[in-house]
Amino acid sequence: MAAVPTLARRIARSGVRPLCRWPLAWGRAARQPPGLPLAPCRAFSNNKILVELDESSGVAMMKFKSPPVNSLSLDFLTEFCISLEKLENDRACRGVIFASAVPRIFSSGLDITEMSGKSMEHYAEFWRAVQEMWLRLYGSNMVTIAAVNGSSPAGGCLVALSCDYRIMVENPKFSIGLNEAQLGIVAPFWFKDTFVNVVGHRIAERSLQLGSLYPAPEALKFGLVDELVPEEKLQEKAMAVMAQWLALPDHARQLTKSMMRKAVLDRLVAHREEDVQNFVSFISKESIQKSLRMYMEMLKKKKS
Ligand SMILES: CCC/C=C/C(=O)SCCNC(=O)CCNC(=O)[C@H](O)C(C)(C)COP(=O)([O-])OP(=O)([O-])OC[C@H]1O[C@@H](n2cnc3c(N)ncnc32)[C@H](O)[C@@H]1OP(=O)([O-])[O-]
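Since the model is a prediction, treat every value here as computed from it, not as a measurement.

Looking only at helices and strands, the chain features eleven helices and twelve strands. In the chain, which comprises 304 residues, the share counted as buried stands at 39%. The long-range share in the chain, meaning contacts at least 24 apart out of those at least 6 apart in sequence, stands at 74%.

This paragraph deals with unusual backbone geometry. That bond from Pro67 to Pro68 is cis: its omega, 10°, falls within 30 degrees of zero. Summarising the element assignment, Pro68 is placed in the loop between strand S4 (59–64) and helix H2 (74–88). At Arg104, a position not held by glycine, the phi torsion is positive, near 75°. As for its position among the elements, Arg104 is in strand S6 (residues 104–105). When the 13 C-beta atoms within 10 Å are taken as the criterion, Arg104 is described as partly exposed. Positioned with a positive phi, Ala154 is a non-glycine residue whose angle comes to about 45°. Judged by the 26 C-beta atoms lying within 10 Å of it, Ala154 is buried.

Burial analysis of S4 places five of its six residues in the buried class, the great majority of the element. Between strand S3 (residues 49–54) and S4, which follow one another and run antiparallel, lie four residues, and Gly58 among them has a positive phi close to 75°. Taken together, the six bridges between S4 and strand S5 (residues 95–100) define a ladder with parallel strand orientation. In the sheet register, Lys63 faces S5, and the bridge partner there is Ala99.

With that settled, consider the pairing of S3. Within S3, five of the six residues are buried, which leaves the element mostly enclosed by the surrounding structure. Turn length for the strand S2 (residues 41–45)-S3 hairpin, with the two strands adjacent in sequence and antiparallel, is three residues. Bridge analysis of S3 against S4 gives six bridges, and the strand direction is antiparallel. Considered in S4, the bridge of Asp54 is made with Val59.

As for its position among the elements, Trp127 is in helix H3 (residues 120–138). For Trp127, a count of 23 C-beta atoms within 10 Å puts it in the buried group.

Their axes nearest at 10 Å, the elements helix H5 (residues 189–199) and helix H9 (residues 250–270) cross at an angle of 175°. One finds that H5 runs roughly antiparallel with respect to H9. Where H5 abuts H9, its residues Trp190, Asp193, Thr194 and Asn197 lie against Val264, Arg267 and Leu268. Its residues assigned to classes, the contact of H5 with H9 comprises three nonpolar, two polar and two charged.

This part is about the environment of Leu228. With respect to the helices, strands and loops of the structure, Leu228 is situated in strand S12 (residues 227–229). Residues Leu228 and Phe106 lie 122 residues apart in sequence; the distance between their C-alpha atoms is 15 Å. Other than its neighbours up to four places away in sequence, Leu228 contacts Met168, Glu170, Ala216, Pro217 and Leu220.

Another point: the nonpolar core. Counting 74 residues, the largest nonpolar core has Ile97, Ile145, Ala147, Val148 and Met168 as its most contacted members. A per-element tally of this core places H3 first, with nine residues. Beyond its immediate sequence surroundings of up to four residues, Ile145 is in contact with Ile97, Cys163, Asp164, Tyr165, Ile167, Ala238, Val241 and Met242.

What follows is about the sheet that holds strand S10 (residues 175–177). The mixed open sheet is built from four strands, whose spatial order is S6-S8-S10-S11. Edge positions in the open sheet fall to S6 and strand S11 (214–215), since each of these has one partner strand only. Bridge count between S6 and strand S8 (residues 150–153): two bridges; the pairing is parallel. Among the inter-strand pairings, Arg104 is bridged to a residue of S8, identified as Gly150.

Neighbouring the ligand are 25 residues, the closest being Ser108, Gly109, Leu110, Ala154 and Gly155. Elements with a minimum of two residues in the shell around the ligand: S8 and helix H11 (286–303). Its residues assigned to classes, the shell around the ligand shows 14 nonpolar, seven polar and four charged.

We now examine the environment of Cys163. With respect to the helices, strands and loops of the structure, Cys163 is situated in the loop between helix H4 (155–161) and strand S9 (165–169). The class for Cys163 is buried, based on 22 C-beta atoms found within 10 Å. Taking the C-alpha atoms as reference points, Cys163 and Thr194, separated by 31 residues in sequence, lie 9.9 Å from one another. Not counting residues within four places of it along the chain, the set of residues in contact with Cys163 comprises Phe98, Thr144, Ile145 and Ala146.

Conventions used here
Residues numbered from 1 in each chain as written. Predicted model: local features only at pLDDT ≥ 70, side-chain atom pairs only at ≥ 80, totals over all residues. Helix = DSSP H or I, 4+ residues; strand = E, 2+ residues; numbered from the N terminus. Buried ≥ 20, exposed ≤ 12 C-beta atoms within 10 Å, placed from the backbone. Contact = placed C-beta atoms within 7 Å. Pairing = 2+ DSSP bridges. Axes fitted to C-alpha atoms, helices over the stretch in contact; angles between N-to-C directions. Parallel < 35°, antiparallel > 145°, perpendicular 65-115°, else oblique. Nonpolar A, V, L, I, M, F, W, Y, C, P; charged D, E, K, R; others polar. Core = buried A, V, L, I, M, F, W, Y, C linked by C-beta atoms within 7 Å. Near = placed C-beta within 6 Å.

Below, the structure written as structure tokens:
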């Protein structure tokens with residue numbers, strides 16, 4: 001097998017723009033006394049993700065801006081990991097809110113074109129990036145809140161499930177869930193573990209077997225999301241929840257989070273390469289490739 005680019009190499013060639021300072025429009029107006037200059041805020045942006053860190057509150061906003069549907073491509077995942085790592089290493093940052101800059105879609109999940117018609121080496125590189133994203137997000141020391149402002153199937157749902165808290169826009173047209181079975185593919189054990197830890201075994205088992213996508217109000221009923229709000233209240237609510245979580249001492253919250261999540265994280269770390277090989281041999285099967293092609297055609301037909 002050819003040499004696989006590491007995250008470090010992907011980072012080196014991704015061209016993330018350096019940190020710069022600019023005023024943050026979001027969430028600031030309410031706290032800033034009139035007439036005072038805006039407190040410093042740092043922002044960085046790359047092609048698919050925009051991050052704004054408000055130094056006074058220690059809260060960063062990470063916005064997905066990869067139209068049309070914020071699919072989790074290799075480039076997106078690389079940028080996501082770089083951005084999260086930067087925030088994790090930044091002493092000024094204690095919490096991150098994730099939201100979409102694309103109307104109506106939080107994230108459409110893993111980019112299907114990365115899993116279809118490509119080489120074995122590509123599938124392995126892609127899957128390592130998916131693992132990396134989850135390990136960093138699920139294992140983050142920061143408070144993580146998903147502000148789910150649109151539909152969030154499969155990998156998009158995993159992003160939300162990996163956060164500490166999920167707030168979704170109350171629009172019943174927005175759905176969320178791990179629908180992999182509908183594509184003829186299978187969510188790996190660590191997607192399942194993350195799901196079970198949020199909704200419990202019975203609901204996870206049924207939902208995974210049926211590949212269920214739930215409209216926001218139904219998702220609330222069994223705790224797939226923690227609360228629903230009107231779209232215009234989402235950011236305010238996310239900031240309020242964040243403030244509540246940040247009121248606790250970091251070390252106590254972090255150790256508690258680690259205690260709850262460590263076994264699940266360790267399981268993937270211990271079986272990482274095996275999980276890559278399982279994915280590659282599964283996804284490269286002709287029957288699975290056919291299912292993915294048919295699913296992509298179905299998406300196109302739905303449009304016309
Ligand atoms: C073992 C592995 C585990 C797998 C985990 C996963 O996450 S598997 C992933 C499971 N994910 C799903 O099952 C979600 C599938 N997607 C959807 O259900 C809908 O697209 C939507 C509800 C997200 C948005 O509806 P909407 O009416 O607003 O938009 P639209 O439908 O018109 O799409 C616009 C364009 O985006 C394209 N495209 C869309 N998604 C993907 C993707 N993931 N990737 C790549 N491309 C994607 C779509 O083909 C179209 O392209 P075109 O024709 O312009 O070249």
